[in-house]
Amino acid sequence: MKRIVAILLFAAMALPAWAFDFEVRQPAGYSLFFNILDDEENAVELTSPMPAANYSWQGHRAPTGVIDIPAQVEYKGTVYSVVALGERAFSGCADITGVVMPATLTEIGAYAFYQCSGLRGVLTIGENIVSIGRSAFYGCSGITRVQFNATACESMGGTKSTTAFGNCRSLTTITFGPNVKIIPDYAFYGMDLLQFEWQMPRDLEYVGEYAFAYCYSIYGTLTLPQGVRKVGANAFAQCHSLHHVVLPQRLTKIDNRAFYQCINMREITALAMTPPMLDGEVFGGVKRSIQLNVPCISVDRYAQAEEWMTFVNRKAIEPCQLDIYATVSDPQSGTVTGAGSYRIGATATLTAICKAGYAFKGWKDGNTDNPRRVTVNDTMTYVAVMQKAEVIREVEYIHDTTYMDGVEVVYEYYEIGDMAEPLTSQDEVVYNKKRRRIEVPIEKRDILAVALYNDAGQCVSTGKPRNGNISMRRFPTGYYIVRVSTPDDERMLRFFHNKNK
């Protein structure tokens, strides 16, 4: 029995150890190899023809030149999407000079382009990439620039010794796409030739651990975008040539040794009103005599905050500017004007402007003023809430002159009780001799409040009307929206006021 098992084992070992499900012949004469990942989703990964343990292209022609990875491939009548590059997919293919990756690609496996020394020029990482494996581009000595567009890449490399771009000796420049939100842990660790010829992406929220650690050649001023809320541990550790760092208003936390041994740091600008929490020895090795610029109303806060207090040369930023953000809950309903940077103590006027068919309901925090005036004493965000207005038939308001007892009286009223009934004859009005005006008698209602808006959404009149009437006398011709609140309901109507009739 033992001999039979041994013979069977030997026979199994003698068979070719292919590592793919099917191959697709390319016009250039070589094949690309694929593994089916999900039959239901019709997803495949591009892989090496040999198992990961043997990453040579033994018995197969290796790819050369610029590789254009297809977005889809067909096998036995089924079309598959190419979503991943498997482990060691092109490992050791030294004659590859370029690669074009499809938008369907989400993962680049470990050692995918390991020692592809012929890969040169610009390498583009697509927006949909969420994972880049360890040493994926290790030894790609011809890459000079990386265009990093991945918006939410969560892992990249993995450790100090297996960074994705390890030993890429010609890599000097990183360019980020505008929608990048995360720079992953260890993303560009140890890129000692990396020059500071790039800008951080505008939508960035997080800089990962060791993301730029030991990038000795990064020099000058580093400005983190306003959306960054956290900087990971050792993110810029040992960046010896960094002179000035600008930390944004929304930053809340900096992890241990994020700027450790940035020994040539000369200045720090912290824009947050509340000092960000420093977890550990964030600025270890940085001289405490350098200038620390902080908002003028926060000088005392930084003087009392842990570790920040060790910087003795604190300077207030002048002029004291704060950002006021204003938006609409539904962008389709309108806009808000008045956002911007203001000096501390100034008054910002925010105006919610509705699009046709909408009316301003209030601000998200419950305030209903429009325009709204706020005193600027902190960075704040205000959100306007609009609601649809029911469009009724056009109502033309009488604007006429009547003489009673020798008194000239102009009358024009909007009748809340009947909501859309125009005033068409003098029989419907009563002359109030004492007040010298014409009034419209209607059935009394328990009206709690009335608000009148012009068609731009600006509130032009508020309060509780007398006798249920709203005078349109002082308002120009145009469309208006009236919102009437009663104990039972709230009605909002859009109407046309013609002052010329």
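Here goes a summary of the coordinates provided. Keep in mind that what you see is a predicted model, and the values were worked out from it rather than measured.

## A closer look at the overall build of the chain
- Each helix and strand in the chain was counted, giving 2 helices and 41 strands.
- Buried residues in the chain amount to 47% of all 501 residues.
- Contacts in the chain between residues at least 24 apart in sequence constitute 54% of all its contacts with a sequence separation of at least 6.
- Total accessible area computed for the chain in this model is approximately 24,300 Å², and 48% of it derives from carbon and sulfur atoms.

## Regarding the state of the cysteines
- Evaluated as defined, the whole model comprises 1 disulfide.
- The residue that forms a disulfide with Cys-296 is Cys-320, at a sulfur-sulfur distance of 1.5 Å. Taken together, the residues span a long stretch of sequence, with Cys-296 in the loop between strand S22 (291-295) and helix H2 (299-304) and Cys-320 in the loop between strand S23 (313-317) and strand S24 (321-328) at a distance of 24 residues.
- Looking at Cys-296, the relative accessible area reads 22%, which means it is partly exposed.
- On the basis of relative accessible area, Cys-320 is assigned to the buried category, the value being 8%.
- Free cysteine Cys-140: the closest other cysteine sulfur is in Cys-116, separated by 5.2 Å.
- On the basis of relative accessible area, Cys-140 is assigned to the buried category, the value being 0%.

## Overview of a negative patch on the surface
- Residues Asp-21, Asp-39, Glu-40 and Glu-41 make up a contiguous surface patch of negative charge.
- Here Asp-21 is to be found in the loop between helix H1 (2-14) and strand S1 (22-25).
- You can call Asp-21 partly exposed: its relative accessible area is 43%.

## Here's the deal with unusual backbone geometry
- A cis amide bond links Asn-370 with the next residue in sequence, Pro-371, at an omega value of 5°.
- Inspection of the secondary structure assignment puts Pro-371 in the loop between strand S28 (358-363) and strand S29 (372-375).
- In this model, Arg-88 sits at a positive phi of 60°, which is unusual for a non-glycine residue.
- Take Arg-88: it is sitting in the loop between strand S6 (78-85) and strand S7 (96-100).
- The class of Arg-88 is buried, set by a relative accessible area of 14%.

## What to know about the nonpolar core
- Counting residues in hydrophobic clusters, the biggest one holds 89 residues, and the most contacted among them are Phe-90, Phe-137, Phe-212 and Phe-259.
- Ala-326, Leu-350, Ala-352 and Tyr-358 belong to the second largest nonpolar core, which has 23 residues in total.

## Considerations on the environment of Val-228
- Mapped onto the elements of the fold, Val-228 is located in the loop between strand S16 (220-223) and strand S17 (230-231).
- Between the alpha carbons of Val-228 and Lys-181 there is a distance of 8.7 Å; along the sequence they are 47 residues apart.

## What to know about the side chain of Gln-26
- Relative to the elements of secondary structure, Gln-26 occurs in the loop between S1 and strand S2 (31-38).
- Looking at Gln-26, its side chain comes within polar contact range of the main-chain oxygen of Val-24, at 3.1 Å.
- Ignoring sequence-local partners within four residues, the contact set of Gln-26 consists of Ser-31 and Leu-32.

## A look at the sheet that holds strand S18 (residues 242-247)
- An order of S16-S18-S20-S22-S23 is seen for the 5 strands of this open sheet, with the pairing classed as parallel. The open sheet has two edge strands, S16 and S23, and neither has a second partner. Geometrically, the sheet is characterised by an average inter-axis angle of 20° between neighbouring strands, direction not taken into account.

Cut-offs and rules
Residues numbered from 1 in each chain as written. Predicted model: local features only at pLDDT ≥ 70, side-chain atom pairs only at ≥ 80, totals over all residues. Heavy atoms only, no water. Helix = DSSP H or I, 4+ residues; strand = E, 2+ residues; numbered from the N terminus. Buried < 20%, exposed > 50% of the residue type's maximum accessible area, 1.4 Å probe, protein only. Contact = heavy atoms within 4.5 Å. Areas by Shrake-Rupley, 256 points an atom, 1.4 Å probe, with all protein chains shown as cover. Disulfide = S-S within 2.5 Å. Patch = residues over 30% accessible without salt bridge, like charges linked within 9 Å, V, L, I, M, F, W, Y side chains within 5 Å. Salt bridge = Lys/Arg side-chain N within 4 Å of Asp/Glu carboxyl O. Lys, Arg positive; Asp, Glu negative; His and termini not counted. Charge placed at Lys NZ, Arg CZ, Asp CG, Glu CD. Core = buried A, V, L, I, M, F, W, Y, C linked by side-chain atoms within 4.5 Å. Polar contact = N/O pair within 3.5 Å; in protein donor to acceptor, adjacent residues only side chain to side chain. Pairing = 2+ DSSP bridges. Axes fitted to C-alpha atoms, helices over the stretch in contact; angles between N-to-C directions.

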